[in-house]
Amino acid sequence: MLDKNGIAKRIAKEVKDGYYVNLGIGIPTLVANFVRDDIEVEFQSENGILGMGPFPLEGEEDADLINAGKQTITALPGASFFDSAMSFGMIRGQHVDLTILGAMEVSQHGDIANWKIPGKMVKGMGGAMDLVGSAKNIIVAMMHTNKAGQSKLLKNCALPITGVKCVTKIVTNMAVLDIVNNSFRLLERAPGVSVEEIKKVTQGDLIVKGETPEMKL
Amino acid sequence: MINKVVQNAHEALHGISDGMTLMLGGFGLSGIPENSISELVKRGVKNLTCISNNAGVDDFGLGLLLQKRQIDKMISSYVGENAEFERQMLNGDLDVELIPQGTLAERCRAAQHGIPAFYTPAGYGTEVAEGKEVRDFNGKPHILEHAFAADFAFIKAWKGDEAGNLIFKGTAINFNPNMCGAAKITVVEVEELVKPGELDPNFIHIPGIFVQRIFEGKNYEKRIEQRTVRQI
């Protein structure tokens, strides 16, 4: 079973040379820590930066330089700043190669829910609906089950959805899956996790073919 | 040169009244028009509709207007950092319209550019699309979204000149340029107001034609919401 850093580490392997990548809040933010340093990648933050760098050193924080999670960041050489309309032009116009975001639920049809729990949590969708509405390549980073131990990989989302038929891949603490023919397809299992255990906590239809290899981290 | 300078926030807010619709720049607390917000609090205008990506925090930014119950309706994309906001919303005291962030930006830009409406894929198949026209382009469904109509836009820029030409800094840029000229009156506060000719025309983000009033702001707090540092 992986922890949050393990999930981020596995997703980092999906980041390829020359990619522009948008990272969501939470586990996705951690992905930047694990990207190979022999490839060139630029991180986009939708509040207006391409070429986002690591967090600043103490004393170098700048209120005019934050990421989408409102954390202080730095800008790498070659970075650029731009307004919100242009930022979402990059996203809607499919200029961003890879989008990594968290989710509360994913359905076997590729629908995603991550913005609202009716009557309980109403924080808003931020840029998530624009991202999932347009991005070509969307990887979801999340735990396989919620705090009550229930599956987050469902036949249909129960929560209000953020977007339809948009998720391409899911990396959880237990498995890597993609979506084919309106089903989850198991691609890899986390170290020490059996196929049976994954089946038990996957409510949606699950395709398992042959031996499922263990993740290489 | 057409001079856009007003002396202070008080003069800049001339003509503001209860029930107006306002646009306010900023992402989180970064790039918010601190001086104009203070002046709105001071004047006590109420029943406002505010278009702004976020709603500030409890004791800063738009949170200051929420505390005083000056806002009737918020149009935002993300409001998660404000407990007072959540309380008023769940109580039904505050009307909230949550819209996708890119749609929010584009509805500002459309108003700025004289485009009445546009189609976007964002929100298709979700609550956001309810009641909206859907149309397929290249086999993909899109929803119709309209330009905003606002009375005042309150903008924060880094530097500006007396002609209203503006330069923004870092990610404090965010929604600010998109809101310039998107309302009947655009009020800009800058950290540094300079004479015409001091800003290089090659590096102007927003030309002065989109600006009606500009002033040099005072006492910027520029609060950081999530101070995050790395260890060496």
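See the structure above.
Scope of this entry: the structure provided in the associated data block.

What counts and how
Residues numbered from 1 in each chain as written. Chains lettered and ligands numbered in written order. Predicted model: local features only at pLDDT ≥ 70, side-chain atom pairs only at ≥ 80, totals over all residues. Heavy atoms only, no water. Helix = DSSP H or I, 4+ residues; strand = E, 2+ residues; numbered from the N terminus. Rg over C-alpha atoms; globule rule 2.2 N^0.38 Å. Buried < 20%, exposed > 50% of the residue type's maximum accessible area, 1.4 Å probe, protein only. Contact = heavy atoms within 4.5 Å. Areas by Shrake-Rupley, 256 points an atom, 1.4 Å probe, with all protein chains shown as cover. Lys, Arg positive; Asp, Glu negative; His and termini not counted. Charge placed at Lys NZ, Arg CZ, Asp CG, Glu CD. Buried area = accessible area lost by both parts, 1.4 Å probe. Salt bridge = Lys/Arg side-chain N within 4 Å of Asp/Glu carboxyl O. Pairing = 2+ DSSP bridges. Phe/Tyr/Trp six-rings, centres within 6.5 Å; stacked < 30°, edge-to-face > 60°. Lys NZ or Arg CZ within 6 Å of the ring centre and 35° of its normal.

1. Some remarks on the overall build of chain A
Point 1. Within chain A, the secondary structure is distributed over 5 helices and 15 strands.
Point 2. In terms of overall size, chain A behaves like a compact globule, its C-alpha atoms giving a radius of gyration of 17 Å where 217 residues would be expected to give roughly 17 Å.
Point 3. With the principal axes as the frame, chain A shows a C-alpha extent of 50 × 40 × 30 Å.
Point 4. Per-residue burial over chain A gives 56% buried out of 217 residues.
Point 5. Put simply, of all contacts in chain A between residues at least 6 apart along the chain, 61% involve residues at least 24 apart.
Point 6. When the accessible surface of chain A is split by element, carbon and sulfur atoms take 50% of a total near 9,100 Å².
Point 7. Charge separation in chain A, taken as the distance between the mean sites of 23 positive and 25 negative side-chain charges, equals 10 Å.

2. What to know about the environment of Arg223(B)
Residues and elements named next belong to chain B.
Point 1. The residue Arg223 is located in the segment after β11 (213-216) in this model.
Point 2. Given a relative accessible area of 25%, Arg223 falls into the partly exposed group.
Point 3. In this structure the C-alpha to C-alpha distance between Arg223 and Ser30, which are 193 residues apart in sequence, comes to 7.7 Å.
Point 4. Other than its neighbours up to four places away in sequence, Arg223 contacts Leu29, Glu34, Val57, Asp59 and Phe60.

3. Remarks on the side chain of Thr99(A)
Residue and element names in this part refer to chain A.
Point 1. Considering the arrangement of structural elements, one finds Thr99 in strand β5 (residues 98-102).
Point 2. Among the residues examined, Thr99 registers a relative accessible area of 1% and is labelled buried.
Point 3. If we ignore the near neighbours within four places in the chain, the residues touching Thr99 are Asn22, Leu131, Ala135, Asn137, Ile138 and Ile139.

4. With respect to the interface of chain B and chain A
Point 1. With 49 residues of chain B at the contact, the number on the chain A side is 48 residues.
Point 2. By the criterion of area lost to chain A, the three top residues of chain B are Phe27(B), Thr171(B) and Arg230(B), representing 16% of everything that side buries.
Point 3. In this structure, the connection of chain B to chain A is made through 5 salt bridges.
Point 4. Among the salt bridges present, the one from Lys169(B) reaches Asp62(A), with a minimum N-O distance of 3.7 Å.

5. Observations regarding the sheet that holds strand β11 (residues 153-154) of chain A
Residue and element names in this part refer to chain A.
Point 1. One open sheet holds the 3 strands; their spatial order is β7-β6-β11, and the pairing between them is mixed. Where the open sheet ends on each side, the last strands, each with one partner, are β7 (112-113) and β11.
Point 2. Pairing between strand β6 (residues 105-107) and β11: 2 bridges, direction parallel. Bridge pairing in β11 links Ser107 to Leu154.

6. With respect to the pattern of salt bridges
Point 1. Here the structure, examined in full by the defined rule, presents 28 salt bridges over all chains.
Point 2. With a closest N to O distance of 3.0 Å, Glu14(A) and Lys169(A) form a salt bridge. Taken together, the residues span a long stretch of sequence, with Glu14(A) in the loop between α1 (4-12) and β1 (20-23) and Lys169(A) in strand β12 (residues 169-171) at a distance of 155 residues. The two residues Glu14(A) and Lys169(A) agree in class, both being buried.
Point 3. Note that Glu106(B) and Arg109(B) form a salt bridge whose closest N and O atoms lie 2.8 Å from each other. Highlighted residues: Glu106(B) and Arg109(B), both in helix α5 (residues 101-113), separated by 3 residues, approximately one helical turn.
Point 4. Using a relative accessible area of 12% as the deciding quantity, one classes Glu106(B) as buried.

7. Notes on the packing of aromatic side chains
The way to describe two aromatic rings as a pair is by their centre distance and the angle between their planes.
All names here are of chain B.
Point 1. Scanning the entire structure with this criterion turns up 2 aromatic pairs over all chains.
Point 2. Where Phe152 meets Phe154, the ring centres are 5.6 Å apart and the plane angle is 10°; that geometry is what we call stacked. Like Phe152, the residue Phe154 is buried in the burial classification.
Point 3. Across from the ring centre of Trp158, 4.5 Å away, lies the NZ or CZ of Lys159, which sits over that ring.
Point 4. For the cation-ring pair, Lys169 lies above Trp158, with the distance from its terminal atom to the ring centre recorded as 6.0 Å.

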